[in-house]
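Here is how the chains run, residue by residue.
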Amino acid sequence: MTQSRRQQDTQVVDEKDRHPLMTTNDINMILVNGAQTALSKLKRAQSFNARLYYYAEIAVFLEVSLSRDSGILDDTRQRLEEIHQEATHVHMDANKLNNIIDV
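Residues numbered from 1 in each chain as written. Predicted model: local features only at pLDDT ≥ 70, side-chain atom pairs only at ≥ 80, totals over all residues. Heavy atoms only, no water.

Visitor: Could you give an account of the overall build of the protein chain, with specific residues and numbers?
Guide: Across its full length, the protein chain carries 4 helices and 0 strands. In sequence order, the secondary structure elements of the protein chain are arranged as α-α-α-α. Of all 103 residues assigned to the protein chain, the portion counted as buried reaches 23%. For the protein chain, the accessible surface area stands at approximately 8000 Å², while carbon and sulfur atoms represent 53% of it. (Helix = DSSP H or I, 4+ residues; strand = E, 2+ residues; numbered from the N terminus. Buried < 20%, exposed > 50% of the residue type's maximum accessible area, 1.4 Å probe, protein only. Areas by Shrake-Rupley, 256 points an atom, 1.4 Å probe, with all protein chains shown as cover.)

Here it is as structure tokens:
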């Protein structure tokens, strides 16, 4: 009987310690900030593989934003599309420059 009472007390404490679900603003901020961070790293990347990795990371943030009924705002989608477009230009320009140097 004492054991079962302890388990119940532990469960009550566990439920109190749980964190609330993320709000809609949190997920939108996480997506945009994550994409901006990846863009900054993409701009500083020195190798093709590193640039490709950060470019793909930005694409994932954009892809996640396309999920319906997930609380992603249209402004967030638009900002992610702009970041992705800028990343595309940065990545392609770096590839062009790298190909010119290698030739």
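That covers the picture; the talk isn't over yet.
Visitor: An account of helix 3 (residues 48-65) is requested, with residue identities and associated values reported.
Guide: The terminal C-alpha atoms of helix 3 lie 26 Å apart, and with 18 residues this matches the ideal 26 Å at 1.5 Å per residue to within 8%. Of all the positions in helix 3, only Arg-51, Tyr-55, Ile-58, Phe-61, Leu-62 and Ser-65 are classed as buried. Down the axis, helix 3 shows its buried residues gathered within 110° of arc, on one side only. In helix 3, the exposed residues that point more than 90 degrees away from the buried face are Asn-49, Tyr-53, Val-60 and Glu-63. (Expected span 1.5 Å × (residues − 1). Arc of directions from axis to C-beta.)

Visitor: Before we move on, could you go through the environment of Lys-41 and cite the residues and values that matter?
Guide: Looking at the element boundaries, Lys-41 is found in helix 2 (residues 24-44). The class of Lys-41 is partly exposed, set by a relative accessible area of 35%.

Visitor: So what's going on with the confidence of the model for the protein chain? Residues and values would help.
Guide: Confidence along the protein chain averages 84 in pLDDT terms, with 75% of residues attaining 70 or more. Mean pLDDT in the protein chain bottoms out at helix 1 (residues 2-17), which sits at 57, and peaks at helix 3, which reaches 96. (pLDDT = per-residue confidence, 0-100.)

Visitor: Talk me through the packing of aromatic side chains; I want residue IDs and the actual numbers.
Guide: Counted by the stated rule, this structure contains 1 aromatic pair. Here the aromatic rings of Tyr-53 and Tyr-54 are separated by 5.3 Å at their centres, their planes lie at 80°, and the arrangement is edge-to-face. (Phe/Tyr/Trp six-rings, centres within 6.5 Å; stacked < 30°, edge-to-face > 60°.)

Visitor: Kindly report on the pattern of salt bridges, identifying the contributing residues and their values.
Guide: Considering all chains together, one arrives at 3 salt bridges under this definition. For Glu-86, the salt bridge goes to Lys-43, with nearest N and O atoms at 2.8 Å. Linking Glu-86 in helix 4 (residues 74-102) with Lys-43 in helix 2, this pair joins segments that are 43 residues apart in sequence. In this structure Glu-86 comes out as partly exposed when scored by relative accessible area, which is 31%. Residue Lys-43 is classed as partly exposed on the basis of its relative accessible area of 48%. Across the pair Arg-77 and Asp-74 runs a salt bridge whose closest N-O atoms are separated by 2.9 Å. Of the two residues, Arg-77 and Asp-74 are both situated in helix 4; the distance of 3 residues between them amounts to about one turn of the helix. Residue class for Arg-77 comes out buried when judged on its relative accessible area of 10%. Looking at Asp-74, the relative accessible area reads 60%, which means it is exposed. (Salt bridge = Lys/Arg side-chain N within 4 Å of Asp/Glu carboxyl O.)

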